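As a plain string of letters, each chain reads:
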Amino acid sequence: AKTLGLKQAHFVGPSGLEVDNQASLEDVIGLAQIIFGKKEVQAATSQPQGTINAQSAGISKIISFDNTDKLIDESLTVIAGKTGTLDQAGFSVAALVSQTGTRPVLVIILGAKDHFARFAEARNLAEWAWKNY
């Protein structure tokens, strides 16, 4: 986190499911700007299903997954995204999205009340940004 210039972030594990992982909104924005620019991340997070080649300690494994990002099912294009849920933090989503004739917008929703509310809020925020900017 420190080498990426994230000032308040503290990560104890890579999944995002550890309660001790913490980051400010500013850090989440910074991390998303870095990570969402990577073609590998875009390819893995912009489709309803996918596979990745996971490597750890010299072991390689192909993992298939279903994407939980419901924005992918909408009429907008998800360039890259990450969902998250913790009892302590609520439901979240960070997504770089675009729509025909619009420029990409980074939307981040933290602490939504349920699985579907985070996507509705993200969509509303993106539409507001396109309308007003």
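This structure is a prediction, so every number in the text was calculated from the model and none was measured.

Caption draft 1: Spotlight on a nonpolar patch on the surface. Side chains of Leu25, Ile29 and Leu110 sit close together on the surface and give an oily, nonpolar patch of about 250 Å² of accessible area. Along the chain, the position of Leu25 falls in helix α1 (residues 25-35). Residue Leu25 is classed as partly exposed on the basis of its relative accessible area, which comes to 45%.

Caption draft 2: A look at the sheet that holds strand β5 (residues 105-112). Here we have three strands laid out as an open sheet, ordered β3-β4-β5, and antiparallel in their pairing. Lying at the two open borders of the sheet, with one neighbouring strand each, are β3 (77-86) and β5. For this sheet the average axis-to-axis angle between neighbouring strands, irrespective of direction, equals 10 degrees. Two elements, β3 and strand β4 (residues 90-98), share nine bridges in a ladder whose sense is antiparallel. Residue pairing in the sheet places Lys82 in a bridge with Ala94 of β4. Across the sheet, helix α3 (residues 115-132) lies against β3, β4 and β5, angled at about 145 degrees from β5, the strand it touches most.

Caption draft 3: Molecular detail of α3. Between its first and last C-alpha, α3 extends 27 Å over 18 residues, near the 26 Å set by a 1.5 Å rise per residue. All buried positions along α3 are accounted for by Ala117, Arg118, Phe119, Ala122, Arg123, Ala126, Ala129 and Trp130. Buried residues in α3 make contact with β3, β4 and β5. The N-capping residue of α3, defined by a side-chain oxygen 3.0 Å from the backbone nitrogen of Phe116, is Asp114.

Caption draft 4: Examining the environment of Ala95 more closely. The topology assignment puts Ala95 in strand β4. On a C-alpha basis, the gap between Ala95 and Leu71 in space is 8.5 Å, while along the polypeptide they are 24 residues apart.

Caption draft 5: Representation of α1. Listing the buried residues of α1 in full gives Asp27, Gly30 and Ala32. For α1, the elements touching its buried residues are β5.

Caption draft 6: Summary view of the environment of Thr45. Among the secondary structure elements, Thr45 is positioned in helix α2 (residues 39-45). Beyond its immediate chain neighbours, meaning those up to four positions away, Thr45 contacts Asn67, Ile72, Val78, Ile79, Ala80 and Gly81. A distance of 3.1 Å separates the side chain of Thr45 from the backbone nitrogen of Gly81, its partner in a polar contact.

Caption draft 7: The arrangement of the pairing of strand β2 (residues 59-66) in detail. Within β2, only zero of the eight residues are buried, which leaves it mostly out in the open. Relative to β2, strand β1 (residues 49-56) is paired through eight bridges, and the arrangement is antiparallel. From the neighbouring strand, Ala54 faces β2, where its bridge partner is Lys61. Hairpin connection, β1 to β2: the antiparallel pair is bridged by two residues, and Ala57 has positive phi, about 50 degrees.

What counts and how
- Residues numbered from 1 in each chain as written.
- Predicted model: local features only at pLDDT ≥ 70, side-chain atom pairs only at ≥ 80, totals over all residues.
- Heavy atoms only, no water.
- Patch = residues over 30% accessible without salt bridge, like charges linked within 9 Å, V, L, I, M, F, W, Y side chains within 5 Å.
- Areas by Shrake-Rupley, 256 points an atom, 1.4 Å probe, with all protein chains shown as cover.
- Salt bridge = Lys/Arg side-chain N within 4 Å of Asp/Glu carboxyl O.
- Helix = DSSP H or I, 4+ residues; strand = E, 2+ residues; numbered from the N terminus.
- Buried < 20%, exposed > 50% of the residue type's maximum accessible area, 1.4 Å probe, protein only.
- Pairing = 2+ DSSP bridges.
- Axes fitted to C-alpha atoms, helices over the stretch in contact; angles between N-to-C directions.
- Contact = heavy atoms within 4.5 Å.
- Expected span 1.5 Å × (residues − 1).
- Polar contact = N/O pair within 3.5 Å; in protein donor to acceptor, adjacent residues only side chain to side chain.

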